[in-house]
Amino acid sequence: MSAKTIFLNQPVYDYLRDVSLRESEIMTALRNETAGLEMAIMQIAPEQGQFMTLLMQLLGVRKAIEVGTFTGYSALAIAMGLPEDGRLIACDISDEWTTIGKRYWQLAGQSDKIDLRLAPAIETLDGLLNNGQAGEFDFAFIDADKQNYLNYYERCLQLLRPGGLIMVDNVLWDGSVADPENQKPDTCAIREFNSFIKSDVRIDISMIPVGDGLTLIRKK
Ligand code: CA
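Bear in mind that the values here come from a model prediction, so they are computed numbers and not experimental data.

A. Representation of helix H2 (residues 25–35) in the model. Within H2, burial applies to Met27, Leu30, Arg31 and Thr34. End-on view of H2: buried residues confined to an arc of 100 degrees, all on one side of the axis. Across H2 from its buried face, at more than 90 degrees, point the exposed residues Glu25, Asn32 and Ala35. Tucked into the core, H2 has its buried residues touching helix H1 (10–20), helix H3 (46–59), helix H4 (73–80) and helix H5 (95–107).

What follows is the structure, given as structure tokens:
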């Protein structure tokens with residue numbers, strides 16, 4: 001058998017969480033509240049959140065951007081890894097969903113670090129670029145509407161400093177990207193994004209099978 005990633009059946013996945021997850025009670029409560037929503041599938045897995053917090057600490061991130069905040073679990077995971085004076089600009093269009101997040105950011109003592117921008121993310125990102133903030137950010141997390149992934153990526157790449165990291169979520173899209181029969185617009189958009197990234201000489205990349213597939217992109 002060739003080397004490959006282990007298939008996480010339920011007992012192995014439960015074990016992984018059991019021996020490694022250090023989720024706070026507040027984050028568990030946010031995850032549970034979100035699980036009751038119709039769009040609950042949009043929330044990242046808790047082990048992915050913990051991975052993101054660790055990456056923030058490892059990279060010493062001070063200024064971060066999130067495109068697609070939903071109910072705020074990933075924003076909270078990012079904020080937890082930032083220093084006291086760190087800032088996350090969180091982009092979303094839903095007042096309803098982010099209002100849930102704001103409550104938990106407050107409870108977790110992280111709300112001062114999170115600057116929520118309720119507007120189409122392209123407008124927010126263009127606003128930052130027009131304000132002369134290109135090259136000022138250390139990290140960006142892209143996890144919003146899939147058909148705009150390339151638009152978000154290009155803007156985040158400009159906003160990032162050299163050596164900064166972009167993390168892109170759902171790049172395996174529940175496996176549908178590997179099914180040639182699946183020609184849904186979101187699936188095609190993610191395929192297009194993935195193949196564009198592979199040959200982009202401005203960056204270094206690694207795609208990892210965490211959650212629904214995660215690509216780590218380092219700006220050269
Ligand atoms: Ca996602």
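B. Inspection of the environment of Val210 at higher detail. Inspection of the secondary structure puts Val210 in the loop between strand E6 (203–208) and strand E7 (214–219). You can call Val210 partly exposed: its relative accessible area is 24%. Sequence separation between Val210 and Gln48 is 162 residues, and the spatial gap between their C-alpha atoms is 6.9 Å.

C. Inspection of the coordination of the calcium ion at higher detail. Asp143 (OD), Asp143 (OD), Asp169 (OD) and Asn170 (OD1) make up the full set of protein donors to the calcium ion, lying at 2.3 to 2.8 Å. In the primary structure, the donors to the calcium ion are separated according to the pattern D-x25-D-N. Of the two residues, Asp143 is situated in the loop between strand E4 (137–142) and helix H7 (149–159) and Asn170 in the loop between strand E5 (160–169) and helix H8 (185–198); the sequence distance between them amounts to 27 residues. In this structure Asp143 comes out as buried when scored by relative accessible area, which is 13%. In this structure Asn170 comes out as buried when scored by relative accessible area, which is 12%.

Thresholds applied
- Residues numbered from 1 in each chain as written.
- Predicted model: local features only at pLDDT ≥ 70, side-chain atom pairs only at ≥ 80, totals over all residues.
- Heavy atoms only, no water.
- Buried < 20%, exposed > 50% of the residue type's maximum accessible area, 1.4 Å probe, protein only.
- Helix = DSSP H or I, 4+ residues; strand = E, 2+ residues; numbered from the N terminus.
- Arc of directions from axis to C-beta.
- Contact = heavy atoms within 4.5 Å.
- Donors = N, O, S within 2.8 Å, 3.2 Å for Na, K, Ca; no water.

By themselves these figures say nothing about function.
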